[in-house]
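# Summary of structural features
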Amino acid sequence: MLYLYNTLTKEKELFQPLDPHHIKMYVCGPTVYATPHIGNARPPVIFDVLYRLLKEIYPNITYVNNITDVDDKINARAKELGIPIRELTDSTLKLYQDMTKSLSILSPDHMPRVTDHIPEIILFIQKLVDLEFAYIVSDHVLFEVGKYKRYGKLSNKTLDQLIEGSRIEVAPYKKDPRDFVLWKPSDEETPGWESPWGRGRPGWHIECSALIKTFLGETIDIHGGGIDLTFPHHENENAQSICAHDGEPLAKYWFHNGLITVNGVKMSKSLGNIILLEDVLKEYNGEAVRLTLLSAHYRQPLDWTRKRTESSAETLKKFYNALDGYSGNGSVDQKLFSKFLNALNDDLNIPLGLSIMHEITGLIHKADNVSRETFQATLKKCGELLGLLGKNYQKDLSPKELELIEQRKKARADKNFALSDQLRDELKELGVIIEDTKEGQKWSKI
RNA sequence: GGCCGAGUGGCAGAGUGGUCAUGCAGAGGACUGCAAAUCCUUGUACAUCGGUUCGAUUCCGGUCUCGGCCUCCA
């Protein structure tokens, strides 16, 4: 029984799929204009775990994650760099794909690029115009918020509050300051597509509505993203999709992850406290970064510190240590695995799940040879669900490393401890950890 | 200002109306040539003030502090 916290109802709810034979999930993907930071990495990792969990429970799931490659931020950035837009989006997309690889994120079933689906977007907007939920003014197509009575339900805002906030851009042609752009005109230099409303480009929110419709249908099970997308992005998406689809809900469960903070405050471009993923990966391997991203409950903020990442790396070492010597043939201890699964099923309580993995680690060390394999298989299986412990960590050693290991073995046999200690230090410098056990000298590589 | 969320032991971080979170760090011990790993032992934790209750860290209300959204943002 899977329970998920639903932003729409503000409650933890039993997950009841629309169709248990086909689960549909959509997560808002990146706008490809800037080097990914660790905040960009949290949703893909969190949703990757949810994806793995759903796969464990249900036979068939379609997960769609879009790539936004048309956006004014992209245009501005390309101009600043003096490079063609396509070059910027392609190279940034490549960085995101690299991130996926280094953080062991499974590929979603579809990763559509928005620019490959402009006709669907135009059709979607046309429908809203035809139904009179949208109006055309000054070459723009605007969604008329006032026509959707439940606007604000998702983000828990009343119409009055939004007006009082009054930080909304008030273009003079808007009927209502809250109305938002579905389509806007492009000048010669700006990317644009021919449409019934002239040459232009889509507004921010419409792409997701159109892509969901295209790939998954009118109503999906889970729609997700960072909590900061709730308003205005998801609120607007929700409004336009519901209006286009005769009141059918867009998503049954709205699932949002908390944000990454630095010294307690949100990491954001405007504050300039961005930590780039590539910089973190220079110091720590992807798996340690992944575990760090999973080390707090997904809805809680996660304060990014060096100490935290180091602690994750240590934890991984401990887990891998416990898996040492595993044949790969153990059978999973169902009782322990259920305990772990129950933790994840309870609104993705990954920290609790990790504590169970620690418990299993202890059991491995205390077990006899027969049950050890079972516990190791179980730990491995738990790790799999979190996208961890998949590495074959006993990597090949270089000839030099092998040579040093041999030398040390000999030195110990000769009881030349001064030399053996020196060789151990040398190997450590190379990243090879030597441990002496009853069975003799053992090595592992970080 | 409005709407959310949070305050747990040295740190990180779950959770619960009444015997255990867990990890790291610390202390003591076992093992070891020394380490490391591992094992055993070890901690008057739940912002604050009231209320409900036989009993609250857990429920309710007030207060304080912090964060998020209301603007591009994952």
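Note that this is a predicted model, so its numbers are computed, not measured. (Residues numbered from 1 in each chain as written. Chains lettered and ligands numbered in written order. Predicted model: local features only at pLDDT ≥ 70, side-chain atom pairs only at ≥ 80, totals over all residues. Heavy atoms only, no water.)

In this model, the largest pocket occupies a volume close to 1100 Å³. Lining the largest pocket are 46 residues; nearest its centre among them are Pro30, Asn40, Asp228, Leu229 and Lys269. Counting only elements with at least two residues in the lining of the largest pocket, the list comes to helix H1 (38-57), strand E4 (61-65), helix H3 (85-102), helix H6 (206-215) and strand E9 (220-226). Three or more residues apiece are contributed to the lining of the largest pocket by two domains, here domain 1 (3-257) and domain 2 (262-386). (1 Å grid on protein atoms, 1.4 Å probe; cavity = no way out; pocket = protein on both sides within 12 Å on 5 of 7 lines; lining within 4 Å. Points joined across faces, edges and corners; volume = space filled by probe spheres on them. Helix = DSSP H or I, 4+ residues; strand = E, 2+ residues; numbered from the N terminus. Domains from an automatic or database assignment.)

This brings us to the confidence of the model for chain A. Averaged over all residues, the pLDDT of chain A is 92; the fraction at 70 or higher stands at 96%. Per-element confidence in chain A ranges from a low mean pLDDT of 62 for helix H5 (residues 159-165) to a high of 98 for E4. (pLDDT = per-residue confidence, 0-100.)

A separate point is the packing of aromatic side chains. One pass over the full model with this rule turns up 8 aromatic pairs. Ring centres of Phe47 and Phe255 lie 5.3 Å apart, and the angle between their planes is 70 degrees; on these two criteria the pair is classed as edge-to-face. Of this pair, Phe47 sits in helix H1 while Phe255 is found in strand E10 (residues 251-257), placing the two residues 208 residues apart along the sequence. Through a chain of ring-to-ring contacts, three or more aromatic side chains come together here, namely Phe15, Tyr58 and Tyr253. Over the aromatic face of Phe231 sits the side chain of Lys157, whose NZ or CZ is 5.4 Å from the ring centroid. Of note, Lys175 hangs over the ring of Tyr135, and the distance from its end group to the ring centre comes to 4.5 Å. (Phe/Tyr/Trp six-rings, centres within 6.5 Å; stacked < 30°, edge-to-face > 60°. Lys NZ or Arg CZ within 6 Å of the ring centre and 35° of its normal.)

Further remarks concern the nonpolar core. Membership of the largest hydrophobic core comes to 71 residues, with the highest contact counts inside it found for Leu54 and Leu386. Here this core takes 10 residues from H1, the largest share from any one element. When we break this core down by domain, the ones giving at least three residues each are domain 1 (3-257) and domain 2 (262-386). The next biggest cluster of nonpolar side chains, apart from the first, holds 39 residues, and it includes Phe180, Trp197, Ile206 and Leu250. (Core = buried A, V, L, I, M, F, W, Y, C linked by side-chain atoms within 4.5 Å. Buried < 20%, exposed > 50% of the residue type's maximum accessible area, 1.4 Å probe, protein only.)

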